[in-house]
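One-letter residues, chain by chain:
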Amino acid sequence: MPAAAAAPMISSVQKLVLYETRARFFLVGSNPAETKYRVLKIDRTEPKDLVIIDDKHVYTQQEVRELLGRLDLGNRTKIGQKGSSGLSRAVSAFGVVGFVRFLEGYYIVLITKRRKMADIGGHAIYKIEDTNMIYIPNDSVRVTHPDEARYLRIFQNVDLSSNFYFSYSYDLSHSLQYNLTVLRMPLEILKTETTQTRQESFDIFEDEGLATQGGSGVFGICSKPYEKYVWNGKLLEAVRNTVHRDWLLYIIHGFCGQSKLLIYGRPIYVTLIARRSSKFAGTRFLKRGANCEGDVANEVETEQILYDASVMSFSAGSYSSYVQVRGSVPLYWSQDISTMMPKPPITLDQADPFAHVAALHFDQMLQRFGSPIIILNLVKEREKRKHERILSEELVAAVTYLNQFLPPEHAVIYIPWDMAKYTKSKLCNVLDRLNVIAESVVKKTGFFVNRPDSYCSILRPDEKWNELGGYVVSTGRLQTGVLRTNCVDCLDRTNTAQFMVGKCALAYQLYSLGLIDKPNLQFDTDAVRLFEELYEDHGDTLSLQYGGSQLVHRVKTYRKIAPWTQHSKDIMQTLSRYYSNAFSDADRQDSINLFLGVFKPTEGKPHLWELPTDFYLHHKNTLSLSQTRRSYTYWWTTGVLQHLPLPFDEVTCAENRRKLTVKKFHKYEEEIDIHNEFFRPYELSSFDETFCLAMTNSTRDFMPKNVGIDPSPFTVRKPDETGKSVLGNKSNREETVLQRKTAASAPPPPSEEAVSSSSEDDSGTDKEDEGAVSQRSTPVKVTDTGDNTKMTENVVQTTKDVYGVNLSDVPSEDDLTVYARFVQLGQSQHKQDKSSQQFCSKHHLDRVINLIPISSFSQDNIYEVQPPRADRKSIEIFHAHIQAGRGNMQPLGKDDFLMYREYIRNRYM
């Protein structure tokens, strides 16, 4: 298959303007270049129904102006009156979140502010910064209800400006492995999928152009989103089948952060994306365990993506990703919070001897990730009073029961490890034990990379590389299976365990891209510190969403290098979490239930705030009996087992092909041209505000300013020594090549107390006073004058401080000879003319090195330049240009006609 045979479709609705009249709303959407427009007509005369008309026609800018002009003229109160406009501009937006109705009419939710958070191969990921909710029906037909305002307040309690993300061209609900696997489908399959979408185009040149260009057409692919991680699915349900797909903008909830790892100038983007499940979603004590459909509470899929930013292409670039999952223990269990205890007792709500709910949950995971499914259970194993151990015993029984029906090679792997017990022990190192577990997990699951093993890895393979699992294909490697980590809350312990597994996978990813010589990374390096800060921001964000506070225990806590000031912060976070769980979680849970469509207000039925519990809303089997009962032995979905270890969702079959929309485009069309989407040549942009410059940078934000010898991000740096103390000791010079200062741009600490607190400088909570600088998910532009002063002070240093050696007083004889030759070469080049150049080069410059020019200019120096000779084809093109200026046009060829038609179609159709 050609490299550019398939590409993701880019939505052509990225800028929106809402116009209003008394009878209708007109939503006009355009692409960023404002060359293609679509129009939605929304009726305002229906008090409770949503009437939307989409003609699915692509307008030009001139046609839209004429349309709006006619609407303005036709809706004025008096014909010819200029004072009052019949069409007014209501709001500008960047996307439609959806439509929602409570007890009156429908509202439309629009994204009014956005911010770029990450870039994956030129595909931008945006964070919602602000939204606007507009009531659709006109005031003259509005039927008021006394409880409408209360429902509106509950709905708006879900802060859409807090950690909601979307993309116009990249499917955030799927992993990078899925998105790139879809693009590598066989060409024959893509040709059969284009017949259904051909009718959508009204281009008179489409069929003729594609036929004459032959293989120059590109298949655009748009996949159906994974509903589990889409948070506005219910809000778009009313219009999904009536409007064009470009109007449908799917958003995810969770976390997205990106940092730049500079390896001797080579930019490697490290991206962390967390997708929170919209099924059985809620707050800490109100959502525990699983529901009757196998969806668990606090389920988050975390994906770390590495790619070489020097090549911006899905087909030619180098990409790698690793996915892991966290989620509550898949059992029917809960905790009663009415007792007002810090740790309410754990209760098993229903007996499940055949592990029905666990079977449903692991069946979902087999379909999405393949095998093996690895469970890392971090809950306590030994307790004076049974508390967390109740969950461990039930989970072991469920996994043991389900494994007896699976083939041994695809069995669910269960790893119990009491992390709290190891943390309290002074003899055991928690992170060393986690590192051993991480190595075994990554070797079993493998990871995704879209390029085959490099030749040096094949010639000199690392011993750990040969033991790596996964699925090897001709184009690279696929991750098969996933690690599922859980504790009781899936917050603090889980985040540290996921960081250690991610750190191990990061080493393999860097090794597969040819960036390090061994798949191993050490703590206190710039790369690991950058990755650790990403994971701490990730953990803080997920903890705030589910638990109501930031992380209590961080990676430094388990490394036992946290300063004494961290303990008081941990106490405050614990109190904040307890307060949130006791007083505000119930209101947040009602908001989530209303936003996700779990509860739908209905006239004559109890209101949301009148329900004693939402148990019946999330467990559908309590309201109606299922007509079909799943087998207790064959508990997996048909077809999943035969494709293992590959995930069923990524297998090329008829069922998965129905989830794709495939259309063939010209290779220069904007719907698949990621170059135009990324660089925006039609917009005026500031270089200082470019996203790639503002993002977190390993060299600028983590590497010590006076690094001296080794600027590598994989060099271990000591946290308790400054640059001067490192470079001043001659006896330790060899050792200090590998060990440098950890604190980026910090001056030498004046006291012991400052030294103890400096080891915590990349923790999320220790930099709260610095605002946006500490939040690695937020791109910032560092312009602090204080930092510039420190950098200037660091630059002015002696050669002893910078290089570790002093310059010799007297140069050696060999150095003087080389210098004399250099001076003679310069004098001969500048003083001699062309006539005597050959003679002097033979007699006077016989000992001088002859330099061969590699430029196309035969003479190229500060005194003269001789331009190169133009070839015959270039001269013909120049003469044709001169003749065209005089009016003598040459006959056009076949390629010229196709290019002209392409220009006419893009400009006027």
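Residues numbered from 1 in each chain as written. Predicted model: local features only at pLDDT ≥ 70, side-chain atom pairs only at ≥ 80, totals over all residues. Heavy atoms only, no water.

Here's the deal with the overall build of the protein chain
Helix and strand counts for the protein chain stand at 29 helices and 27 strands. Burial statistics for the protein chain: of 909 residues in total, 50% are counted as buried. Sequence separation of at least 24 residues holds for 72% of the intrachain contacts in the protein chain that already meet a minimum separation of 6. Accessible surface, the protein chain as shown: approximately 45,000 Å² in total, 54% of it carbon and sulfur. (Helix = DSSP H or I, 4+ residues; strand = E, 2+ residues; numbered from the N terminus. Buried < 20%, exposed > 50% of the residue type's maximum accessible area, 1.4 Å probe, protein only. Contact = heavy atoms within 4.5 Å. Areas by Shrake-Rupley, 256 points an atom, 1.4 Å probe, with all protein chains shown as cover.)

A word on the pattern of salt bridges
Taken as a whole, this structure holds 35 salt bridges when the rule is applied. Among the ionic pairs, Asp453 bridges to Arg477, the shortest N-O distance being 3.5 Å. With Asp453 in the loop between β20 (448-449) and α10 (455-459) and Arg477 in strand β22 (residues 476-478), this pair connects stretches of sequence that are 24 residues apart. Here Arg477 falls in the buried class, since its relative accessible area comes to 8%. Between Arg717 and Asp526 there is a salt bridge, with its nearest N and O atoms 2.7 Å apart. Residue Arg717 is located in the loop between α20 (698-701) and α21 (723-728), and its partner Asp526 is located in helix α12 (residues 526-547); the two are separated by 191 residues in the primary sequence. With a relative accessible area of 2%, Asp526 lands in the buried category. When salt bridges with common partners are traced through the structure, they connect Lys15, Glu34, Glu677, Arg680 and Glu683 into a single cluster. (Salt bridge = Lys/Arg side-chain N within 4 Å of Asp/Glu carboxyl O.)

Here we look at the confidence of the model for the protein chain
Per-residue pLDDT for the protein chain has a mean of 80; in total, 77% of the residues score no lower than 70. Here residues 195-215 scores under 50 on pLDDT; set against residues more than four positions off or in separate chains, the count is 31 contacts. (pLDDT = per-residue confidence, 0-100.)

Brief notes about unusual backbone geometry
Each neighbour pair has its own omega, and for Ser371 with Pro372 the value is 5 degrees, a cis peptide bond. If you trace the backbone, Pro372 turns up in the loop between α6 (356-369) and β18 (373-377). In this structure, Pro645 follows Leu644 across a cis peptide bond, with omega equal to 10 degrees. Along the polypeptide, Pro645 turns up in the loop between α16 (640-643) and α17 (654-657). If you check the backbone angles, Tyr264 has positive phi at about 50 degrees while not being a glycine.

Section: the packing of aromatic side chains
If you walk through the whole model with that rule in mind, you get 33 aromatic pairs. For the pair Tyr170 and Phe314, a centre-to-centre distance of 6.4 Å together with 55 degrees between the ring planes defines the contact as tilted. Placement of Tyr170 in the loop between β10 (164-166) and α3 (176-183) and of Phe314 in the loop between β14 (300-308) and β15 (319-326) is noted, with a sequence separation of 144 residues between them. Where Phe354 meets Tyr401, the ring centres are 6.0 Å apart and the plane angle is 65 degrees; that geometry is what we call edge-to-face. Taken together, the residues Phe354 in the loop between β17 (346-348) and α6 and Tyr401 in helix α7 (residues 389-403) connect sequence positions 47 residues apart. On the accessibility criterion, Phe354 (38% relative accessible area) is partly exposed. Here the aromatic residues Phe102, Tyr107, Tyr135, Tyr151, Phe155, Phe164, Trp231, Phe595, Phe599 and Trp609 are joined through ring pairs into a cluster of three or more. Across the ring face of Phe25, the terminal group of Arg44 is positioned such that the distance to the ring centre comes to 4.3 Å. Its end group placed over the ring of Tyr126, Arg114 keeps NZ or CZ at 4.5 Å from the ring centre. (Phe/Tyr/Trp six-rings, centres within 6.5 Å; stacked < 30°, edge-to-face > 60°. Lys NZ or Arg CZ within 6 Å of the ring centre and 35° of its normal.)

So, the side chain of His145
Looking at the element boundaries, His145 is found in the loop between β9 (123-135) and α2 (148-156). A relative accessible area of 18% means that His145 is categorised as buried. Among the polar contacts made by the side chain of His145, one reaches the main-chain amide nitrogen of Asp147 at a distance of 3.1 Å. Discounting chain neighbours no more than four positions away, the residues touching His145 are Leu103, Glu104 and Glu603. (Polar contact = N/O pair within 3.5 Å; in protein donor to acceptor, adjacent residues only side chain to side chain.)

Notes on the pairing of strand β11 (residues 218-223)
Counting buried positions along β11 yields five of six residues, so the element is predominantly enclosed. Where strand β1 (residues 6-8) and β11 come together, three bridges link them in parallel fashion. Residue pairing in the sheet places Ala7 in a bridge with Gly220 of β11. Note that β11 and strand β24 (residues 660-665) share six bridges and pair antiparallel. (Pairing = 2+ DSSP bridges.)

Looking at the nonpolar core
If you look at the biggest cluster of nonpolar residues, it comprises 55 residues, and the most contacted ones within it are Tyr322, Leu434, Val442, Phe499 and Leu510. The set of elements that each furnish at least two residues to this core consists of β12 (252-263), β13 (266-276), β14, β18, α9 (430-445), α11 (492-512), α12 and α13 (555-559). Top contributing element to this core by residue count: α11, with eleven residues. Those residues in contact with Leu510, other than ones at most four positions away along the chain, are Leu261, Leu306, Leu515, Ile516, Leu521 and Phe714. By size, the runner-up hydrophobic cluster in this structure holds 32 residues, among which are Val325, Val329, Ile346 and Val399. (Core = buried A, V, L, I, M, F, W, Y, C linked by side-chain atoms within 4.5 Å.)

Section: the sheet that holds β1
In space, the three strands of this open sheet follow the order β1-β11-β24, with mixed pairing throughout. Only two strands of the sheet have a single neighbouring strand rather than two, namely β1 and β24. Each adjacent strand pair in this sheet contributes to an overall mean axis angle of 30 degrees, direction not counted. (Axes fitted to C-alpha atoms, helices over the stretch in contact; angles between N-to-C directions.)

Looking at the environment of Glu409
Among the structural elements, Glu409 can be located in the loop between α7 and β19 (413-416). Residues Glu409 and Pro372, 37 residues apart in the sequence, show an inter-C-alpha distance of 8.0 Å.

Things to note about the packing of α9 against α11
Running from N to C, α9 and α11 cross one another at 55 degrees; their axes reach a closest spacing of 9 Å. Taken as axis vectors, α9 and α11 run oblique relative to one another. Considering the relative orientation of α9 and α11, their crossing is right-handed. Contacts from Leu431, Leu434, Asn435, Ala438, Glu439, Val442 and Lys443 in α9 reach Thr496, Ala497, Met500, Val501, Lys503, Cys504, Ala505 and Tyr508 in α11. (Parallel < 35°, antiparallel > 145°, perpendicular 65-115°, else oblique. Left-handed = near helix turned anticlockwise from the far one by under 90°.)

Here's the deal with the sheet that holds strand β3 (residues 24-30)
Strand order in the open sheet made by the five strands is β5-β4-β3-β2-β6, with antiparallel pairing throughout. Of all the strands in the sheet, just β5 (52-54) and β6 (88-93) have a single pairing partner and so form its edges. If you compare each strand with its neighbour and ignore which way they point, the axes differ by 20 degrees on average. Sheet topology places strand β2 (residues 15-20) next to β6; five bridges connect them, and they run antiparallel.

What about the state of the cysteines?
Where two cysteines share a covalent bond between their sulfur atoms, that bond is called a disulfide. Applying the stated criterion across every chain, the model contains zero disulfides. Cys487 provides the cysteine sulfur closest to Cys490, a residue in no disulfide bond, and the two sulfurs are 5.0 Å apart. (Disulfide = S-S within 2.5 Å.)

Section: the pairing of β9
Two strands pair when backbone bridges link them, and strand β8 (residues 106-120) and β9 are joined in this way by twelve bridges, in the antiparallel orientation. Its bridge partner being in β9, Ile120 is matched across the sheet by His123. Taken together, β8 and the strand that follows it, β9, pair antiparallel across an intervening segment of two residues, in which Gly121 is found at a positive phi of about 60 degrees. Where β9 and β10 come together, two bridges link them in antiparallel fashion. By the bridge assignment, Lys127 is partnered in β10 with Tyr165.

Quick look at the environment of Gln550
Within the fold, Gln550 resides in the loop between α12 and α13. Accessibility expressed as a relative area gives 14% for Gln550, which makes it buried.

Re a nonpolar patch on the surface
Taken together, Tyr819, Phe822 and Val823 make up a surface patch of nonpolar side chains, about 340 Å² in accessible area. Take Phe822: it is sitting in helix α26 (residues 813-831). (Patch = residues over 30% accessible without salt bridge, like charges linked within 9 Å, V, L, I, M, F, W, Y side chains within 5 Å.)

Some details on the packing of α6 against α7
Taken N-terminus to C-terminus, the directions of α6 and α7 make an angle of 65 degrees; their axes are 10 Å apart at the nearest point. As the angle between them shows, α6 and α7 are arranged roughly perpendicular. As α6 packs across α7, the resulting crossing turns out to be right-handed. Between α6 and α7, the residues in contact are Ala358, Ala359 and Phe362 and Ala398, Val399 and Leu402, respectively.

Quick look at helix α28 (residues 872-885)
Taking 1.5 Å of rise per residue, the 14 residues of α28 would be expected to cover 20 Å, and the 20 Å separating its terminal C-alpha atoms lies within 8% of that figure. Two residues or fewer past α28, Gly887 is found with a positive phi of approximately 100 degrees. (Expected span 1.5 Å × (residues − 1).)

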